[in-house]
Amino acid sequence: MLHGIDVSSHQPASYDTDGLAFVIVKATEARTYVNPKMEAQAECARKAGLVVGFYHFLWPGDITEQAEYFTQKAPARAGDLLACDWETTGGGTRASDAEKDRFIREVKSLRPRNRVLLYCNRSFWLDVDRTSYAGDGLWIAQYGVAEGEPEIRAKWVVHQYTDDPVDRNVARFDGADALREWAEGA
């Protein structure tokens with residue numbers, strides 16, 4: 001298992017990369033928000049030679065516009081990971097299964113040289129999702145279990161197992177080269 005973190009504007013622009021193989025940075029949300037630290041956070045990971053990813057916090061509605069906004073704002077290069085963060089919004093709503101699926105497909109169409117993942121928590125995957133569509137891979141959040149042991153039957157790529165003191169993840173690869181090769185094989 002490889003270790004990584006995900007960061008947003010709540011974390012500093014620069015952070016400790018020791019022991020990490022990847023970092024996934026919040027890029028955008030809906031059609032109006034861009035993480036002001038996104039480029040510096042991505043550059044911190046790139047300087048350390050880590051696999052970099054970007055995620056978009058999905059809101060219901062305007063799916064095509066959100067996909068375009070995300071791909072225009074996220075400074076992703078070929079081989080970077082892209083992810084759809086699917087959960088309940090601050091307004092108490094959520095995108096539907098169909099909207100989540102469409103967003104992933106549209107991002108993949110706009111950025112065919114990038115792997116596109118679905119991020120959601122275990123409850124969303126088991127109780128809300130009805131299509132089991134996760135693009136190129138599932139990034140599942142479940143805290144309170146051992147790293148790399150989310151309680152789901154679906155094949156997952158990344159497991160977020162804690163948010164203390166930051167969002168910590170493990171990726172299901174034998175080594176950093178295997179992760180990089182997979183990411184670049186989109």
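Further up the page is the structure itself.
Keep in mind it's a predicted model, so treat the numbers as computed, not measured.

Calculation rules
- Residues numbered from 1 in each chain as written.
- Predicted model: local features only at pLDDT ≥ 70, side-chain atom pairs only at ≥ 80, totals over all residues.
- Heavy atoms only, no water.
- Core = buried A, V, L, I, M, F, W, Y, C linked by side-chain atoms within 4.5 Å.
- Buried < 20%, exposed > 50% of the residue type's maximum accessible area, 1.4 Å probe, protein only.
- Contact = heavy atoms within 4.5 Å.
- Axes fitted to C-alpha atoms, helices over the stretch in contact; angles between N-to-C directions.
- Helix = DSSP H or I, 4+ residues; strand = E, 2+ residues; numbered from the N terminus.
- Parallel < 35°, antiparallel > 145°, perpendicular 65-115°, else oblique.
- Left-handed = near helix turned anticlockwise from the far one by under 90°.
- Nonpolar A, V, L, I, M, F, W, Y, C, P; charged D, E, K, R; others polar.
- Salt bridge = Lys/Arg side-chain N within 4 Å of Asp/Glu carboxyl O.
- Expected span 1.5 Å × (residues − 1).
- Polar contact = N/O pair within 3.5 Å; in protein donor to acceptor, adjacent residues only side chain to side chain.
- Phe/Tyr/Trp six-rings, centres within 6.5 Å; stacked < 30°, edge-to-face > 60°.
- Lys NZ or Arg CZ within 6 Å of the ring centre and 35° of its normal.

## Focus: the nonpolar core
Ranked by size, the top nonpolar core spans 41 residues in total, and within it Val23, Phe54, Trp86, Leu118 and Leu138 carry the most contacts. Beyond its immediate stretch of four places on either side in the chain, Val23 contacts Ile5, Val7, Tyr15, Ala45, Leu50, Val51, Val52 and Gly53. Judged by nonpolar contacts, the second largest core, of 19 residues, contains Leu2, Val157, Leu179 and Ala183.

## Brief notes about the packing of helix H2 (residues 63-73) against helix H3 (residues 97-110)
Between H2 and H3, the shortest axis-to-axis distance is 9 Å and the interhelical angle comes to 40 degrees. Classified by the angle between their axes, H2 and H3 sit oblique to one another. Where H2 crosses over H3, the handedness of that crossing is right-handed. The residues of H3 that touch H2, namely those facing Ile63, Thr64, Gln66, Ala67, Glu68, Phe70 and Thr71, are Glu99, Arg102, Phe103, Glu106, Val107 and Leu110. Along the lines of polarity and charge, the residues of the contact of H2 with H3 split into six nonpolar, three polar and four charged.

## Comments concerning the pattern of salt bridges
Counted by the stated rule, this structure contains seven salt bridges. A salt bridge links Glu29 to Lys26; the nearest nitrogen and oxygen atoms lie 2.5 Å apart. Neither Glu29 nor Lys26 differs from the other in exposure class; each is buried. Each of Lys100, Asp101 and Asp129 takes part in one network of salt bridges that share partners.

## Some words on H3
The terminal C-alpha atoms of H3 lie 20 Å apart, and with 14 residues this matches the ideal 20 Å at 1.5 Å per residue to within 8%. Buried within H3 we find Asp97, Lys100, Asp101, Phe103, Ile104, Glu106 and Val107. Contacts made by the buried residues of H3 are with strand S4 (51-57), H2, strand S5 (81-85), strand S6 (115-121) and helix H4 (122-128).

## Observations concerning the environment of Gln11
On the secondary structure map, Gln11 appears in the loop between strand S1 (2-7) and strand S2 (22-29). The spacing of Gln11 and Val166 is 155 residues in sequence and 8.1 Å in space, taken between C-alpha atoms. Filtering out sequence-adjacent residues up to four positions away, Gln11 remains in contact with Asp6, Lys37, Gln41 and Val166. Reaching out from Gln11, the side chain makes a polar contact with the backbone nitrogen of Ser8 at a distance of 2.7 Å.

## Quick look at the packing of aromatic side chains
Given two aromatic rings, their pairing is described by the distance between the two centres and the angle made by the two planes. One pass over the full model with this rule turns up five aromatic pairs. Between Tyr119 and Trp139, the ring centres sit 4.6 Å apart and the planes meet at 70 degrees, which makes this aromatic pair edge-to-face. Linking Tyr119 in strand S6 with Trp139 in strand S7 (residues 137-141), this pair joins segments that are 20 residues apart in sequence. On the basis of relative accessibility, which here comes to 1%, the residue Trp139 falls in the buried class. Ring centres 5.4 Å apart and planes at 45 degrees place the aromatic pair Phe173 and Trp182 in the tilted group. With a relative accessible area of 13%, Phe173 lands in the buried category. Overall, the relative accessible area of 18% leaves Trp182 in the buried class. Stacked on the ring of Trp86, the Lys or Arg Lys100 has its end atom at 5.1 Å from the ring centre. Positioned above the aromatic ring of Trp156, the side-chain terminus of Arg172 is 4.4 Å from the ring centre.

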